[in-house]
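# Architecture and fold: a report
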Protein chains: 2
Amino acid sequence: MIGFVINFEGSSGVPKYIQLYEYIKKEIMEGNLTEGEKLPSVRSVCEALKISKATVENAYSQLVVEGYIESRAKSGYYVIAFDDFTFTQLSGQEFFHEGQKTLIEEPVKFDRADEGTFNFNEWKKAVNRVLEYDTQTLLSYGDVQGEYALRYEIAKFIHQSRGGRCHPDQIIVGAGIQVLFGLIATLFRGVEDQIGFEYPGFSKGMYIFEDYGYQTVKIPVEVDGIDLKRLEASQTKIVYVSPSHQYPTGSIMPIKKRIQLLNWASKKGAYIIEDDYDSMLRYEGYPVPALQGLNYGKNVIYVGSFSKLLIPSLRISFMILPEKLMEDFNRIKGRYSQSVSKIEQLALAGYMSEGSFERHIRRIKKIYGKKNQLLIEAFKRYPTKNFKLIGKESGLHVVLDFHTDVAIAKVVTMAKSMGVLLEGVDEYPDNRILVFSYSGIPDDWIDSVVKEIVEISDSARKI
Amino acid sequence: MIGFVINFEGSSGVPKYIQLYEYIKKEIMEGNLTEGEKLPSVRSVCEALKISKATVENAYSQLVVEGYIESRAKSGYYVIAFDDFTFTQLSGQEFFHEGQKTLIEEPVKFDRADEGTFNFNEWKKAVNRVLEYDTQTLLSYGDVQGEYALRYEIAKFIHQSRGGRCHPDQIIVGAGIQVLFGLIATLFRGVEDQIGFEYPGFSKGMYIFEDYGYQTVKIPVEVDGIDLKRLEASQTKIVYVSPSHQYPTGSIMPIKKRIQLLNWASKKGAYIIEDDYDSMLRYEGYPVPALQGLNYGKNVIYVGSFSKLLIPSLRISFMILPEKLMEDFNRIKGRYSQSVSKIEQLALAGYMSEGSFERHIRRIKKIYGKKNQLLIEAFKRYPTKNFKLIGKESGLHVVLDFHTDVAIAKVVTMAKSMGVLLEGVDEYPDNRILVFSYSGIPDDWIDSVVKEIVEISDSARKI
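Every residue gets a number counted from 1 within its own chain, in the order that chain's sequence is written. Each chain gets a letter, beginning with A, and each ligand a number, beginning with 1, in the order they are written. Local features in this predicted model are restricted to residues of pLDDT 70 or higher, and side-chain atom pairs are both shown and tallied only at a pLDDT of 80 or more, whereas totals for entire chains, interfaces and linings draw on every residue. Here the side-chain values reflect all heavy atoms present in the structure, with hydrogen atoms and water set aside.

### A look at the overall build of chain A
In plain terms, the rule: Put simply, DSSP marks the helices as runs of H or I at least four residues long and the strands as runs of E at least two long, and each gets a number from the N terminus on. Radius of gyration means the value over C-alpha atoms here, while the globule rule gives 2.2 Å times the residue count to the 0.38 power. Residues are treated as being in contact if the distance between any of their heavy atoms lies within 4.5 Å. Note on areas: Shrake-Rupley, 1.4 Å probe, and residue coverage restricted to the protein chains presented here. Charged residues are defined narrowly, with Lys and Arg counted positive, Asp and Glu counted negative, and His plus the chain ends left uncounted. Here the site of a charge means NZ on Lys, CZ on Arg, CG on Asp, or CD on Glu.
Counting its regular elements, chain A contains 16 helices and 14 strands. Its C-alpha atoms give chain A a radius of gyration of 31 Å, clearly above 23 Å, the size a compact globule of 463 residues would have. Counting only C-alpha atoms and orienting by the principal axes, one finds that chain A spans roughly 90 × 55 × 45 Å. Relative to all contacts within chain A whose residues are 6 or more apart in sequence, the contacts with residues 24 or more apart total 71%. Carbon together with sulfur atoms contributes 50% to the accessible area of chain A, which is approximately 19,300 Å² in total. When the 57 positive and 60 negative side-chain charges of chain A are each reduced to one mean point, those points stand 5 Å apart.

Structure, rendered in structure tokens:
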């Protein structure tokens, strides 16, 4: 029979029964109390430690629940046997293992949004309205498809601004394009095992399908978009395209090819994933209408995102499924949970319905249009043969297509050390193009950043 | 040579060049202008329609960009040929296809949070603080792992409240458990192709691994948690458990079994996914400490969520990876984007650091503890042999384990028609248990809801 030696820390705020429980647990873990050993009776502990019966009983019953001790009828409490094991020391003083935060000097991220684009006050109002008036609905889990109010606004926006055509019931909201691609991969699971992707293209989309076990077929991009002959020659029945502003080359698919693509899909029973990520941002002329609107979206899965349009720290994307796929989704939707905060979904719905989003789009077109012009002028001021400038008419990035004389990896490293992020499109070594996002460069830096890039490319020449 | 007949709607706000562009596009789509036809010269259109040269040029150049017409040097603009295709009519008046919102009378969802639990004002303050002071960081994409400020608070919370032990660098934030499970499935891709799951258990977790092509192995749950012999007999090297409050049965895994499980993992080089979804909510006694803390989390992937603890409309979950898996993650993290809004991540970090979260936990323990007690008392008032009540000591649901005499599907249907949602755990027909979530039932309804359930179960008896 053993006795407990414990000093209760009265001022620590930790109830005595927990202090006693922790003490006994530690004794067992450290081997001071071993298998089959009998614990002192409740009464004797009360007397020895001058604590109440309830305190001891609570401590013992917690140890029973966790399986450290067992209660034997009419006999008392005994330590339970368990296998050899080295416990982590769990003293109360020990804080979590914080270690050192690894501080790496990150290059300036020019893919951020421009400071002047987002009206934080308007967004704050939209969020506060939800937190004041929609509290009842916020108490429950959201619709797996996304909130109807938001889907309604998206359907309206897509129709009015992109020439698309859909019912809010065909829209699925998700926390980023990758989450939605996971859902597409699931919808085609057991039916298709490969998918065509524009190349060069949106690698982060491709990876998701690979994660889901799909074979990805890279189909080259021509000046007017994806190579249709190569697509037709492939066996794929799903293809990813960004027809209104190909990522990253910026090419626009003309109506002739759009129709050929739609006819291919219709004939083959295939599906086109149309990524319309930033085609609102055309600075000269009018945004090119979406593929989705051309045939009621019968073979088109339209994908859009608010990250580029609104602000990158919000993670709200959506897709429009053709009715046939929507039926498939409805059969399995009970298996999934919605991934976007209901608060932010409803805030965005309000922000759109009262016109803030439309004003925002007008504002960013102006701001980014100016930045785009400054950038193009700067590249004219520093002519170079080291790379060609591609895709400069719209969006938030341009592409530098490098001459083979230039050591492209060296350019990336040097640029990084000077604070400029140039990103390769994928991991393939024959890749000669770098994506240069400029949305976050302050207007008065543009000239010097462009100058820097040209100088870097000069010093990375092999000959 | 053709002429254009167009009435400009001056007051519509649509620029004239777009009206002209839409008009010509429609003429082409409807076959009134056909392949190879020459468009009237810019000059002649100016004169005929009394519009400026720039207006016509802008309209023509938009049509060139979209590939409806082409410009031939020194000759003019010609309609481009394209394949047969039936266009959707795209008149300006036509609104999106809104249809009818299908309004189905949904049963009262008792899995929502109780009204008094969440302090919307405190949350509003936390969000507003971010939208006022963190605007610079909100302009850029977030850390794929989640914001450091939030991971720091989570690490602290896990240590102080769950006995876990980790560095913030081992934490990954994601928009719901399913998103994180997708990541786990990816981390083991090509290494493991099966995973063990407690049965009955968390089906929505299982589905994700199946979507990623894994074979799921159902391992029965005993009164003290997963059947270890069956686990050892299986070939799986990843296993999902909820040891501190098994879902749905509520069983608690005793320390002896925890150690056996950890030793199994350590010997086999296997991994345990520990889902700790609501084990903070133990009403009698103290929460059972997490498995993760027992051996520095070497073979444990700890998963937690704020949906149950805070409010279901927020979608913020997290996991703690062992260092070995963290290295794997760091190798591939460039392929992924963070799925949770940076605004809400930073708001939650602030909410936690200033103590609101701790106060919230204390508050909900009190509110749900009372509800739990009322529920247990009500079930005592209406004794029945139709089902056994299981897992009633903690969490936000109880389990009804039905006698074979009761037609369980009938119970679900009848309950639904009376506004009570009873959910099966999975799709398997031998399942005799229903999950009854009570977090959202107002206190003064509990008696009548329980009475209803018992009456329903009586009328669903087969004999």
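### Regarding the pattern of salt bridges
Formally: Basic side-chain nitrogens of Lys or Arg form a salt bridge, by our definition, when they fall within 4 Å of a carboxyl oxygen of Asp or Glu. Relative accessibility decides the category of a residue: with a 1.4 Å probe and only protein chains considered, values under 20% of the type maximum give buried, values over 50% give exposed, and everything between is partly exposed.
In the structure shown here, the tally under the stated rule is 47 salt bridges over all chains. One salt bridge connects aspartate 143 of chain B with arginine 151 of chain B, and the closest N-O pair in it is separated by 3.1 Å. Judged by relative accessible area, aspartate 143 of chain B falls into the partly exposed class, the value being 31%. Linking aspartate 169 of chain B and arginine 151 of chain B is a salt bridge whose minimum nitrogen-to-oxygen distance equals 3.7 Å. One end of the pair, aspartate 169 of chain B, is in the loop between helix H6 (148–162) and strand S3 (171–174); the other, arginine 151 of chain B, is in helix H6, and 18 residues separate them in sequence. A cluster of three or more residues bridged by salt bridges with shared partners is formed by Asp114, Lys370, Lys371 and Asp443 of chain A.

### Description of helix H1 (residues 16–29) of chain A
All names here are of chain A. The cut-off we apply is this: To estimate the expected span of a helix, subtract one from its residue number and multiply by 1.5 Å.
A rise of 1.5 Å per residue sets the reference length of H1, with its 14 residues, at 20 Å; its end C-alpha atoms lie 20 Å apart and thus fit the reference within 8%. Structurally, H1 contributes buried residues whose contacts are with helix H2 (42–49), helix H3 (53–65), strand S1 (69–72) and strand S2 (76–79). Residue glycine 31 follows H1 closely and has a positive phi angle near 85°.

### Quick notes on unusual backbone geometry
Following tyrosine 199 of chain B, the chain continues into proline 200 of chain B via a peptide bond in cis, with omega recorded as -5°. On the secondary structure map, proline 200 of chain B appears in the loop between strand S4 (194–199) and helix H8 (203–211). A cis geometry characterises the amide bond from tyrosine 247 of chain B onward to proline 248 of chain B, with omega recorded as 0°. Tracing the sequence through the fold places proline 248 of chain B in the loop between strand S7 (238–241) and helix H10 (255–268). Not every positive phi belongs to a glycine, and lysine 50 of chain A is a case in point at roughly 55°. One can find lysine 50 of chain A in the loop between H2 and H3.

### Side note on the packing of aromatic side chains
All names here are of chain A. Heads up, the rule is: Within 6.5 Å between ring centres, the rings of Phe, Tyr and Trp (the latter by its six-membered ring) count as paired, and their orientation is classed by plane angle as stacked under 30 degrees, edge-to-face over 60, tilted in between. Charges are assigned to positions over rings by a cutoff of 6 Å between ring centre and Lys NZ or Arg CZ, combined with an angular limit of 35 degrees from the ring normal.
Counting across every chain of the model gives 47 aromatic pairs over all chains. Through a chain of ring-to-ring contacts, three or more aromatic side chains come together here, namely Phe181, Phe197, Phe202, Phe209, Tyr214 and Tyr240. Its end group placed over the ring of phenylalanine 8, lysine 16 keeps NZ or CZ at 5.8 Å from the ring centre.

### Focus: the interface of chain B and chain A
Selection criterion: Buried area: the sum, over both parts, of the accessible surface (1.4 Å probe) that disappears when the two are put together.
Contacts between chain B and chain A engage 109 residues on the former and 109 residues on the latter. Taken together, both faces of the contact between chain B and chain A bury some 9,900 Å²; the carbon and sulfur share is 58%. At the surface where chain B touches chain A, the tally comes to four salt bridges. As a salt-bridge pair, arginine 335 of chain A and glutamate 210 of chain B come within 4.0 Å of each other at their nearest N and O atoms. Of the residues forming the side of chain B that touches chain A, the biggest block, seven residues, is contributed by helix H4 (residues 120–133) of chain B.

### Some remarks on the nonpolar core
One broad trend across soluble globular proteins is that nonpolar side chains are buried collectively. The criterion, for reference: By convention a nonpolar core is built from buried Ala, Val, Leu, Ile, Met, Phe, Trp, Tyr and Cys residues, the set being connected through side-chain atoms within 4.5 Å.
In terms of nonpolar packing, the biggest core is built from 141 residues, with Trp123 and Phe436 of chain A together with Trp123 and Phe436 of chain B touching the most fellow members. Not counting the four nearest positions on each side in its chain, tryptophan 123 of chain B is found in contact with Leu131 and Ile343 of chain A together with Phe118, Leu310, Leu314, Glu344, Ala347, Leu348 and Tyr351 of chain B. Ranked by size, the runner-up nonpolar core spans 60 residues in total, among them Ile172, Leu187, Phe202 and Val303 of chain B.

### As for the environment of threonine 413 of chain A
Note on placement: threonine 413 of chain A falls in helix H15 (residues 408–417). Here threonine 413 of chain A falls in the exposed class, since its relative accessible area comes to 53%.

### Some remarks on the environment of aspartate 83 of chain A
With respect to the element layout, aspartate 83 of chain A can be found in the loop between S2 and helix H4 (120–133). Classification of aspartate 83 of chain A as partly exposed rests on a relative accessible area of 35%. In contact with aspartate 83 of chain A, not counting residues within four places along its chain, are Ile259, Gln260 and Asn263 of chain B.

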